[in-house]
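The residues making up each chain are set out below.
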Amino acid sequence: MKITLIAGARPNFMKIAPIIKAIRAASKEKSNISYRLVHTGQHYDDKLSKVFFEELEIPEPDVNLGAGSGTQAEQTARIMVEFERDLIRNPTDLVVVVGDVNSTMACTIVAKKLNTKVAHVEGGIRSWDMTMPEEINRMATDALADYFFTTSRVANDNLKNTGVSEDRIFFVGNTMIDSLLTNLVKIKRPEVWGKHRLEDKNYLVLTLHRPSNVDDFKKFETLINAIDESAGVPVIFPVHPRTKKNYDQLSIKPQFVVPTDPLSYLEFIYLVKNARGVITDSGGVQEETTVLGVPCLTLRNNTERPETVTMGTNEMIGDDIDALKNALANLKNGKWKTGETPELWDGKAAERIVNILEDMN
Ligand code: UDP
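Read on for a plain summary of the structure. (Residues numbered from 1 in each chain as written. Predicted model: local features only at pLDDT ≥ 70, side-chain atom pairs only at ≥ 80, totals over all residues. Heavy atoms only, no water.)

If you tally the helices and strands in the protein chain, you get 16 helices and 13 strands. Against the globule reference of 21 Å for 361 residues, the protein chain gives a C-alpha radius of gyration of 20 Å, in line with a compact fold. Projected onto its principal axes, the C-alpha coordinates of the protein chain cover approximately 55 × 40 × 40 Å. Counting only residues that meet the buried cut, the protein chain has 58% of its 361 residues in that class. Within the protein chain, residue pairs in contact and separated by at least 24 positions form 68% of the contacts whose partners lie at least 6 positions apart. Accessible surface, the protein chain: about 15,300 Å² in total, of which carbon and sulfur atoms supply 48%. Separation of charge centres in the protein chain, based on 44 positive and 50 negative side chains, amounts to 2 Å. (Helix = DSSP H or I, 4+ residues; strand = E, 2+ residues; numbered from the N terminus. Rg over C-alpha atoms; globule rule 2.2 N^0.38 Å. Buried < 20%, exposed > 50% of the residue type's maximum accessible area, 1.4 Å probe, protein only. Contact = heavy atoms within 4.5 Å. Areas by Shrake-Rupley, 256 points an atom, 1.4 Å probe, with all protein chains shown as cover. Lys, Arg positive; Asp, Glu negative; His and termini not counted. Charge placed at Lys NZ, Arg CZ, Asp CG, Glu CD.)

Spelled out as structure tokens, the structure:
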């Protein structure tokens, strides 16, 4: 079976790395799966792309479609045009997409229109929040995909409720957690550690890049000020490039919040693992903190990863500043729930995916 694997943006790379490793391991045992890796070029900044290929030992992509940035429609359209050309030249049995970025949706539409089957890794998760571009990507992808590799039973139910038959849904676990567990032995102390004299559990980590938090300057400023006033310890803030444009325009002088460049994966995980807590609006970070048992304050009103709240260490803070301050006070006083690891988030999701793909042959 010939597979075309799609990756385009930072949160995709940790999801594809273990799948590639599992395919390579299987091929040593005479598996008949071969793969071709397509990088859409949605993220092209070295700090969001190249460093992840190096650290996660992902082989060079067979092609980079060079999509680059732009509005939602510009970027999606460019990926579609380029991937259509590529797929016509390089037909495949199955296109495998991961996550919920524009590349996920764009390549799914292209593949289906060329009568090629699609499998969605991380299919079925839903925030039900149609103001999130990612939710639209998830819904459009899942409306078209043929097979779904899911991270939770809730995701299975979401798919079944839209009429997907059970034989197309495979609950395999979480490939992002495969990467986390494999790489824990390699994590690296980032430079910011020494520079700001960080110590275990005496600092927080902050990541923000969702339009709902960073596009309205006033709201963004209020959030940073509230965190700065209540944290009481350094707050390391690796700033996503989409966030940086706006952050640079705020007229604030935080005392505790320390903006830095985006960190490499191994540095970021080091920082999260040893932090007192993490404040975020990222999807992947909610999952990583749950597995690491680190308190997570999510600055969103909903999550497509409910198991991180019901079982894990995640709490939804929304955009209520008082709730944020209360949560930070609880964190300071050591009052936070301890969590459990969700079912099948055990580091073996990619192996399960490859076993299923072999049976599809
Ligand atoms: N991440 C990283 N360096 C950073 C910030 C995040 O390596 O400076 C990783 C993090 O470990 C997680 C992923 O990037 O695996 C999350 O990506 P992002 O927040 O961009 O996407 P989302 O999960 O919100 O879709």
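Moving on: the side chain of T303. If you trace the backbone, T303 turns up in the loop between β12 (296–298) and α14 (307–310). We classify T303 as buried; its relative accessible area is 14%. Of the polar contacts made by the side chain of T303, one reaches the side chain of Q286; its length is 2.8 Å. Looking at T303, its side chain comes within polar contact range of the main-chain nitrogen of R305, at 2.9 Å. (Polar contact = N/O pair within 3.5 Å; in protein donor to acceptor, adjacent residues only side chain to side chain.)

Before going further, it helps to spend a moment on the site of the ligand. In the region of the ligand, 18 residues are neighbours, and R10, L263, S282, G284 and E288 sit closest. Take S282: an N or O atom from its side chain is 3.0 Å from an oxygen atom of the ligand. With the chains in place, 97% of the 540 Å² that the ligand exposes on its own is no longer accessible. Residue classes in the shell around the ligand are distributed as ten nonpolar, five polar and three charged. (Near = heavy atom within 4 Å. Nonpolar A, V, L, I, M, F, W, Y, C, P; charged D, E, K, R; others polar.)

The end-to-end C-alpha separation of helix α1 (residues 10–28) is 29 Å, in line with the 27 Å expected for 19 residues at 1.5 Å each. Approximately 25° is the largest bend angle found in α1, and it occurs at I16, with the proline P18 only one to four residues beyond. Turning to α1, its buried residues are N12, F13, M14, K15, I16, A17, P18, I19, I20, A22, I23 and A26. In the segment just after α1, K30 is the residue with positive phi, at about 65°. (Expected span 1.5 Å × (residues − 1). Bend = angle between axes of the 7 residues up to and from the residue.)

On to the pairing of strand β9 (residues 235–238), then. Residues V235 and F237 point to one face of β9 and I236 and P238 to the other, with burial holding for every one of them. Both strand β8 (residues 204–207) and β9 contribute to a ladder of two bridges, which runs parallel. Bridging from a neighbouring strand, L204 pairs with V235 of β9. The sheet contact formed by β9 and strand β10 (residues 257–260) spans four bridges and is parallel. (Pairing = 2+ DSSP bridges.)

Moving on: the sheet that holds β9. Pairing is parallel in the open sheet, where six strands are placed in the order β10-β9-β8-β11-β12-β13. The open sheet terminates on both sides in strands that have one partner only, identified here as β10 and β13 (314–316). Mean inter-strand twist for the sheet, computed between neighbouring axes without regard to direction, equals 20°. Of the strands in this sheet, β8, β9, β10 and β11 (277–280) are in contact with helix α10 (residues 217–231), which crosses β9 at around 150°. Its contacts with the sheet put helix α13 (residues 283–292) on β8, β11, β12 and β13, and the angle it makes with β11 is roughly 165°. (Axes fitted to C-alpha atoms, helices over the stretch in contact; angles between N-to-C directions.)

Pairing in this open sheet of seven strands is parallel, and the strands run β3-β2-β1-β4-β5-β6-β7 from one edge to the other. Sheet topology places β3 (63–64) and β7 (169–171) at the edges, where each strand pairs with a single neighbour. One ladder, built from five bridges, connects strand β4 (residues 94–98) with strand β5 (residues 117–121); its direction is parallel. Following the sheet pairing, V96 is matched in β5 by A119. In the packing of helix α6 (residues 153–161) onto the sheet, the strands contacted are β6 (147–150) and β7, and the crossing angle to β7 comes to about 170°.

The description of two helices packed together rests on the angle between their axes and the distance between the axes. As a packed pair, helix α3 (residues 72–89) and helix α4 (residues 102–113) sit with axes 9 Å apart at the nearest point and diverge in direction by 45°. Our classification of the angle between α3 and α4 gives oblique. The element α3 and its partner α4 pack so that their crossing is right-handed. Contact residues: α3 offers Q72, Q75, T76, I79, M80, F83, E84 and L87, while α4 offers N102, S103, M105, A106, C107, I109, V110 and A111. Considered class by class, the residues forming the contact of α3 with α4 number ten nonpolar, five polar and one charged. (Parallel < 35°, antiparallel > 145°, perpendicular 65-115°, else oblique. Left-handed = near helix turned anticlockwise from the far one by under 90°.)

So, about helix α7 (residues 175–183). Counted residue by residue, α7 has seven buried out of nine residues, so it is predominantly covered. Listing the buried residues of α7 in full gives T175, M176, I177, D178, S179, L180 and N183. Each element contacted by the buried residues of α7 is listed here: α1, α2 (50–55), β5, α12 (265–273), α13 and α16 (349–360). Among the residues of α7, the N-terminal cap falls to N174, whose side-chain oxygen and the backbone nitrogen of M176 are separated by 3.0 Å.

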